[in-house]
Amino acid sequence: MKKIIISTIAVSALLFTVTSCKTDFDTDVKDIPVTKGEADFTTYVALGNSLTSGYRDGALYSSGQNESYPSMIAGQMKLAGGGAFKQPLMPNDIGGFTGIPGFSGKLTLQLVNGSLTPVPSSPAAALDDVSAGRPYQNMGVPGAKSYHLLAPNYGDKAGISLGTANPYFARFASSATASVIDDVKIQKPTFFSLWIGNNDVLLYATNGGTNSQTVGTTTTYTTATVQTGNMNPATYKMNDISDPTVVAGSIKGILDNLKSVGTTKGVIANIPYVTSVPYFTTVPYNPLTPALLGANLTTLNTSLYGPLKQALTAFGAGDRINLLSSTASNPVLIKDVALTDLSAQLTAALTPSLGLATATAFGQIFGQARQATKDDYILLTSSSLIGTNAPNIPAPVNVYGISYPLQNQHVLTKTEAGYVKTAIDAYNGSIKSLADAYGLAFVDANAKMVELNGQSGILFDGVKYTAKFVTGGAFSLDGVHLTGRGYGIVANEFIKSINAKYKSTLPQVDPNKYSGVKFP
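Just so it is clear, the structure is predicted and the values come from calculations on it, not from any experiment.

Draft legend 1. Focus on unusual backbone geometry. Of note, the amide linkage connecting Arg134 to Pro135 takes the cis form, showing an omega dihedral of 0°. Despite not being glycine, Lys188 shows a phi value in the positive range, around 45°. Lys188 sits in the exposed class, given a relative accessible area of 55%. In this model, Asp461 sits at a positive phi of 50°, which is unusual for a non-glycine residue. Within the secondary structure layout, Asp461 lies in the loop between strand S15 (458-460) and strand S16 (463-465).

Draft legend 2. Fine view of the sheet that holds strand S6 (residues 191-195). Ordered in space as S5-S2-S6-S9-S14, the five strands form an open sheet in which the pairing is parallel. Edge positions in the sheet fall to strand S5 (138-140) and strand S14 (441-443), since each of these pairs with one other strand and no more. The mean inter-strand angle of the sheet, taken between neighbouring strand axes irrespective of direction, is 15°. Judged from the three bridges that link them, S6 and strand S9 (residues 266-269) form a sheet pairing that is parallel. Residue pairing across strands places Ser193 opposite Val267, the latter belonging to S9. The sheet contacts of helix H16 (residues 484-502) involve S6, S9 and S14, and relative to S14 the element is tilted by about 150°.

Draft legend 3. Examining the packing of aromatic side chains more closely. Summed over all chains, the structure comprises 18 aromatic pairs. Centroid distance Phe169 to Phe172: 5.4 Å. Interplanar angle 85°. Geometry classified as edge-to-face. Phe172 shares its class with Phe169; the two are buried. When the centroid spacing of 6.3 Å and the interplanar angle of 85° are considered together, the rings of Phe280 and Tyr377 count as edge-to-face. With Phe280 in helix H9 (residues 278-281) and Tyr377 in strand S12 (residues 377-378), this pair connects stretches of sequence that are 97 residues apart. Classification of Tyr377 as partly exposed rests on a relative accessible area of 23%. Counting every residue linked through ring pairs, the aromatic cluster contains Phe41, Tyr44, Phe85, Phe191 and Tyr502. Lying over the aromatic face of Tyr136, Lys86 brings its terminal NZ or CZ to 5.3 Å of the ring centre. One Lys or Arg, Lys106, reaches over the ring of Tyr61 and ends 4.4 Å from the middle of that ring.

Draft legend 4. Region of interest: the side chain of Asn92. Within the secondary structure, Asn92 sits in the loop between helix H4 (69-77) and strand S3 (107-112). Owing to a relative accessible area of 15%, Asn92 belongs among the buried residues under this scheme. At 2.9 Å, the side chain of Asn92 forms a polar contact with the backbone nitrogen of Ile94. Leaving out residues up to four positions away in the same chain, Asn92 has contacts with Tyr61, Ser62, Ala124 and Ala125.

Draft legend 5. Quick look at the confidence of the model for the protein. Mean pLDDT over the protein works out to 93, with 94% of the residues at or above the 70 mark. Between residues 1-21, whose pLDDT stays under 50, and residues either more than four places distant or in other chains, the model counts 49 contacts.

Draft legend 6. Broad picture of the pairing of S3. Pairing analysis gives six bridges linking S3 to strand S4 (residues 115-120), with the strands arranged antiparallel. Bridging from a neighbouring strand, Thr108 pairs with Val119 of S4.

Draft legend 7. Molecular detail of the packing of helix H7 (residues 199-206) against helix H14 (residues 414-437). H14 packs onto H7 with a crossing angle of 170° between their chain directions and a minimal axis gap of 10 Å. Accordingly, the angle class assigned to the pair H7 and H14 is roughly antiparallel. Contacts between H7 and H14 involve Asp200, Val201, Tyr204 and Ala205 on the former and, on the latter, Glu416, Tyr419, Val420, Ala423, Ile424 and Tyr427. Across the contact of H7 with H14, the residue classes break down as eight nonpolar, no polar and two charged.

Draft legend 8. Broad picture of H14. When the terminal C-alpha atoms of H14 are compared, their 35 Å separation across 24 residues agrees well with the 34 Å that a helix rising 1.5 Å per residue should span. Residues of H14 that are buried: Glu416, Ala417, Val420, Ala423, Ile424, Tyr427, Asn428, Ile431, Leu434 and Ala435. One or two residues past the end of H14 sits Gly439, with phi positive at roughly 65°.

About the criteria used
- Residues numbered from 1 in each chain as written.
- Predicted model: local features only at pLDDT ≥ 70, side-chain atom pairs only at ≥ 80, totals over all residues.
- Heavy atoms only, no water.
- Buried < 20%, exposed > 50% of the residue type's maximum accessible area, 1.4 Å probe, protein only.
- Helix = DSSP H or I, 4+ residues; strand = E, 2+ residues; numbered from the N terminus.
- Pairing = 2+ DSSP bridges.
- Axes fitted to C-alpha atoms, helices over the stretch in contact; angles between N-to-C directions.
- Contact = heavy atoms within 4.5 Å.
- Phe/Tyr/Trp six-rings, centres within 6.5 Å; stacked < 30°, edge-to-face > 60°.
- Lys NZ or Arg CZ within 6 Å of the ring centre and 35° of its normal.
- Polar contact = N/O pair within 3.5 Å; in protein donor to acceptor, adjacent residues only side chain to side chain.
- pLDDT = per-residue confidence, 0-100.
- Parallel < 35°, antiparallel > 145°, perpendicular 65-115°, else oblique.
- Nonpolar A, V, L, I, M, F, W, Y, C, P; charged D, E, K, R; others polar.
- Expected span 1.5 Å × (residues − 1).

Below, the structure is given as structure tokens:
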């Protein structure tokens, strides 16, 4: 099975489609004198996570930071009396950190076996220290969850290896004990933006509902927890879904901290449905065409799918597996931990024909296996696994997605996606209520993402943007974060909400002027 890559034919479509001169941003005020209205943009500070920092292509790097949506907004605020807007720029245009595992440099498109494929770069520098340049007005910290913005010691370099601190914040924190909100309050902002909560559910989704632990060269995966009723986030594991009350309480705590220094005017955004981004929508659930399977199709039906379906049917679970079709695309095999584990039953049923050792292996492999459906999401990073051999699994039941199930960390199942949606709906209800209670401008980022993900996409000055991977123009190579153009779309949503709430007339930015995916 080939990787899901960008063909050279797709490149010819560039990154967008030019249509008419129509634009979906029809509330622009570019022909009206710029005024601040009831707001004061003298000191604008942006709080958030990777989306706020300008993160893209799987890394934080300098040119991406320069196209962050807060930087774009600040540029428009300067036209209405806004002050300086400094960002803790990375030391290079590659990103990542040498010496800190898991922090690779940015993804770039490279020609691999005749096809364009996103490939991570090697990080070019060790963790640097830019704290001398404080204060910074872009306080977006990649990886931060809602409660992290309130957490002391989040920038303590000594805590990075322990997982209690964040290397991005450690670069510019005022002290080892400071919290993000502490370093914001020192500035006494006159205006703020807050977009937080994505990571409280996104990390669960992008890791297929699992937590991982690596010891030496061995990584093990366990089911992540949907935290409900646990008000102590210090007990959460990295990819757990945060309890909605914790998220709401954290956001309220941030707003109260801002209010304590006189910062009462700002804008807050809700959380998009994370499953609408290319990371989840690019790889089809049914990529196994008859042409791809070839002569193996009949063999698989005879020696694997047929016997499995027969045994599972006897246990009342025959719907888990169907024979492979010779006329239509077939779904991949996946492991679904929400299913009743039928390992023991399969072992017993298959022992007479396969022998105890082989039957036991089959039971372990297929006890919670089923074919994917349209309600499951195959992760973008799993595309390169389909059709390859699973390590330490004997042939012929070792081909990922075909004779060996994609594992829990490779797929967001329908059940797991339900947990994600439930959490986001709860978060968003609280965010809107807090916006109303504190008299803040509100950005419905979720609605805009739904619009971007729709068939018609979003138009700006005749350019069409969609949520399609690479060629849609809005999303970067990691399939989660935006391009400069995508961040331009977001900046305009913030600007429109600010103008509507505070009677200002900040002009919108032109997303078409910013960068998209770069081709070699």
